[in-house]
Amino acid sequence: MNWDEGSTPATHPGDRVVSGTADGDDQAVEAALRPKDLGEFVGQERVREQLDLVLRAARGRGATADHVLLSGAPGLGKTTLSMIIAAEMGAPIRITSGPAIQHAGDLAAILSSLTEGEVLFLDEIHRMSRPAEEMLYMAMEDFRVDVVVGKGPGATAIPLELPPFTLVGATTRAGLLPPPLRDRFGFTGHMEFYSPDELRRVINRSARLLDVDIAADGAAEIAGRSRGTPRIANRLLRRVRDYAQVKADGVITGEVAARALEVYEVDGRGLDRLDRAVLTALLKLFGGGPVGLSTLAVAVGEERETVEEVAEPFLVREGLLARTPRGRVATPAAWSHLGMVPPQQVTGGPGQQGLFTE
């Protein structure tokens with residue numbers, strides 16, 4: 001990239017082929033690829049084992065399963081597990097999200113229409129409004145909500161009994177949940193990133209369902225660039241399938257997968273254009289840092305929030321970038337990954353130290 005030319009266009013998270021979020025096309029394909037029970041679910045061994053015990057015990061007692069909280073990065077299988085919970089319990093599932101519940105009345109309408117044993121999946125539960133959150137406390141613990149009728153001194157609270165149900169909450173930011181809400185979940189599972197071997201199993205399973213001919217080295221190549229996330233692995237598989245269909249004989253080998261992902265600008269470590277732009281700016285323009293976030297965002301032509309929330313988490317997790325009190329700093333691994341040699345020493349006197357920090 002030529003840093004003397006104009007800035008690059010702003011990037012929306014959903015525009016990236018390595019984004020963990022799902023757009024409409026992803027959701028449609030995921031519905032067909034999702035495992036139907038815990039036996040088919042790949043990865044998350046500890047969470048899967050613990051959840052299996054919880055569900056089997058509830059079925060043995062003939063009771064509704066405990067409320068479940070699933071936390072972890074986007075694309076790791078929280079929605080899939082919620083559907084598996086409903087299937088294992090032989091119950092229907094109702095799906096909604098925190099941002100959709102802005103008022104306590106919105107939640108009361110959903111809760112009052114639940115049937116006994118039904119599973120309510122509440123995605124992004126940390127973004128629910130505070131009044132609805134407080135109503136949820138009583139609903140989860142006592143299966144009851146108080147509906148307020150009227151206003152002012154004449155307002156009356158009418159108790160509404162609810163049938164026993166199972167709430168499955170999903171969040172990417174468990175730390176934002178207040179302790180009273182977290183404490184009401186009987187089971188909490190944290191979803192970890194997948195290993196390359198687990199991702200290969202995911203890719204091979206998806207390839208069978210999509211009727212794609214894939215070699216072992218092709219699955220390994222895609223898995224190594226999938227950033228530990230099944231959703232990204234399945235998305236890359238579909239993109240490589242398209243390339244193999246048009247540019248090759250339809251068979252996904254390691255070489256075909258590598259050429260295809262080069263077209264989509266996903267390198268061998270899973271970095272895409274935005275990731276490499278951030279690292280290149282940090283190394284070429286600022287000598288590896290430290291540099292302030294706002295300055296770095298301007299250098300790559302992106303919003304500050306895009307760099308901080310979209311690019312940085314993976315770069316930090318991969319050990320390519322570090323956040324320090326003085327600003328962002330590239331690690332030796334970043335210099336090596338881009339094939340550059342770090343400077344032997346930082347030039348400039350004390351007056352220049354911290355020039356680009358915030």
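Throughout, a residue's number is its position along its own chain's written sequence, starting from 1. In view of the model being predicted, local features appear only for residues whose pLDDT reaches at least 70, and side-chain atom pairs are presented and counted only at 80 or more, with totals across whole chains, interfaces and linings using the full set of residues. Each side-chain value is worked out from all heavy atoms of the structure, with water and hydrogens disregarded.

1. Concerning the overall build of the protein chain
Phase 1 of the analysis: Labels follow the DSSP assignment, with helices taken as runs of H or I lasting at least four residues and strands as runs of E lasting at least two, numbered in each case from the N terminus. Counting its regular elements, the protein chain contains 14 helices and eleven strands.
Phase 2 of the analysis: With a 1.4 Å probe rolled over the protein chains alone, any residue whose accessible area is under 20% of its type maximum counts as buried; one over 50% counts as exposed, and the rest are partly exposed. Among the 358 residues that make up the protein chain, the fraction classed as buried is 45%.
Phase 3 of the analysis: Per-residue and other accessible areas follow the Shrake-Rupley method at a 1.4 Å probe size, with only the shown protein chains counted as cover for residues. As displayed, the protein chain offers around 17300 Å² of accessible surface, 51% of which is attributable to carbon and sulfur atoms.

2. Concerning helix α11 (residues 273-285)
Phase 1 of the analysis: In this analysis, the expected span of each helix is defined as 1.5 Å times one less than the number of residues it contains. Helix length check: α11 (13 residues) gives 17 Å between terminal C-alpha atoms against 18 Å at 1.5 Å per residue, within 8%.
Phase 2 of the analysis: Among the residues of α11, Leu-274, Asp-275, Ala-277, Val-278, Leu-279, Thr-280, Ala-281, Leu-282 and Leu-283 are the ones counted as buried.
Phase 3 of the analysis: Where α11 is buried, its residues meet α12 (293-300), α13 (304-317), β10 (321-324), β11 (327-330) and α14 (332-337).
Phase 4 of the analysis: Note on α11: the residue one or two positions beyond its end, Gly-287, has a positive phi of about 60°. Only heavy atoms matter for contacts: two residues are in contact if any of them lie within 4.5 Å across the pair.

3. Things to note about the packing of α12 against α13
Phase 1 of the analysis: Axes here mean lines fitted to C-alpha atoms, for a helix over just the part in contact, with angles spanning 0 to 180 degrees between N-to-C directions. The interhelical angle for the contact between α12 and α13, taken along N-to-C directions, is 90°, at an axis separation of 8 Å. The angle between α12 and α13 places the two elements in the roughly perpendicular class. Two secondary-structure elements touch here, α12 through Leu-293, Ser-294, Leu-296, Ala-297 and Val-300 and α13 through Arg-304, Val-307, Glu-308 and Glu-312.
Phase 2 of the analysis: Of the residues assigned to the contact of α12 with α13, the class counts are five nonpolar, one polar and three charged. When an angle is under 35 degrees it counts as roughly parallel; over 145 it counts as roughly antiparallel; between 65 and 115 it counts as roughly perpendicular; any other value is oblique. For this classification, the nonpolar set comprises Ala, Val, Leu, Ile, Met, Phe, Trp, Tyr, Cys and Pro, the charged set comprises Asp, Glu, Lys and Arg, and every other residue, Gly included, is treated as polar.

4. Description of the environment of Ser-195
Phase 1 of the analysis: For Ser-195, the position within the fold is in the loop between β7 (187-190) and α7 (196-209).
Phase 2 of the analysis: Expressed as a C-alpha distance, the spacing of Ser-195 and Gln-44, which sit 151 residues apart in the sequence, is 10.0 Å.

5. Here's the deal with the sheet that holds strand β3 (residues 119-123)
Phase 1 of the analysis: Taken together, five strands build an open sheet; the order of strands is β2-β3-β6-β1-β7 and the sheet is parallel. If you trace the sheet from one side to the other, it starts and ends with β2 (93-97) and β7, each paired once. For this sheet, the mean inter-axis angle between neighbouring strands, taken without regard to orientation, is 15°.
Phase 2 of the analysis: Seen against the sheet, helix α2 (residues 45-61) touches β1 (68-71) and β7 and runs at an angle of roughly 160° to β7. Paired strands, as defined in this entry, are two strands with at least two bridges between them according to DSSP.

6. A closer look at the nonpolar core
Phase 1 of the analysis: Here, the term nonpolar core denotes a set of buried Ala, Val, Leu, Ile, Met, Phe, Trp, Tyr and Cys residues that are joined through side-chain atoms within 4.5 Å. Ranked by size, the top nonpolar core spans 45 residues in total, and within it Leu-81, Ile-203, Ile-214, Ile-222 and Ile-252 carry the most contacts.
Phase 2 of the analysis: In terms of residue count, helix α9 (residues 230-247) provides more of this core than any other element does, seven residues in total.

7. Quick notes on the side chain of Thr-229
Phase 1 of the analysis: Inspection of the secondary structure puts Thr-229 in the loop between α8 (216-224) and α9.
Phase 2 of the analysis: The exposure class assigned to Thr-229 is buried, which follows from its relative accessible area of 4%.
Phase 3 of the analysis: In terms of polar contacts, Thr-229 uses its side chain to reach the backbone carbonyl oxygen of Arg-227, at 3.2 Å. For this analysis, a polar contact is any N or O atom pair within 3.5 Å, provided that within protein one partner can donate a hydrogen and the other can accept it, and provided that sequence-adjacent residues contribute only side-chain to side-chain pairs.

8. Some details on the pattern of salt bridges
Should the charged atoms of two oppositely charged side chains come close, the side chains can pair.
Phase 1 of the analysis: Counted as salt bridges are all cases of a side-chain nitrogen of Lys or Arg within 4 Å of a carboxyl oxygen of Asp or Glu. According to the stated counting rule, one finds 19 salt bridges in the structure shown.
Phase 2 of the analysis: We note a salt bridge from Glu-118 to Arg-94, for which the minimum N-O separation is 3.2 Å. Of the two residues, Glu-118 is situated in the loop between α4 (104-112) and β3 and Arg-94 in strand β2; the sequence distance between them amounts to 24 residues.
Phase 3 of the analysis: Through salt bridges with shared partners, a single network forms among Arg-239, Arg-241 and Asp-242.

9. Observations concerning helix α3 (residues 78-89)
Phase 1 of the analysis: Over its twelve residues, α3 runs 17 Å from end to end, which matches the ideal 16 Å to within 8%, given 1.5 Å per residue.
Phase 2 of the analysis: For α3, the complete set of buried residues consists of Lys-78, Thr-79, Thr-80, Leu-81, Ser-82, Ile-84, Ile-85 and Ala-86.
Phase 3 of the analysis: At its buried positions, α3 is contacted by α2, β1, β2, β3 and β6 (166-171).
Phase 4 of the analysis: Just beyond α3, the residue with positive phi is Gly-90, at close to 65°.

10. Considerations on unusual backbone geometry
Phase 1 of the analysis: In this model, Gln-44 sits at a positive phi of 55°, which is unusual for a non-glycine residue.
Phase 2 of the analysis: Relative to the helices and strands, Gln-44 resides in the loop between α1 (24-33) and α2.
Phase 3 of the analysis: Positioned with a positive phi, Arg-227 is a non-glycine residue whose angle comes to about 60°.
Phase 4 of the analysis: Of note, Arg-227 is situated in the loop between α8 and α9.

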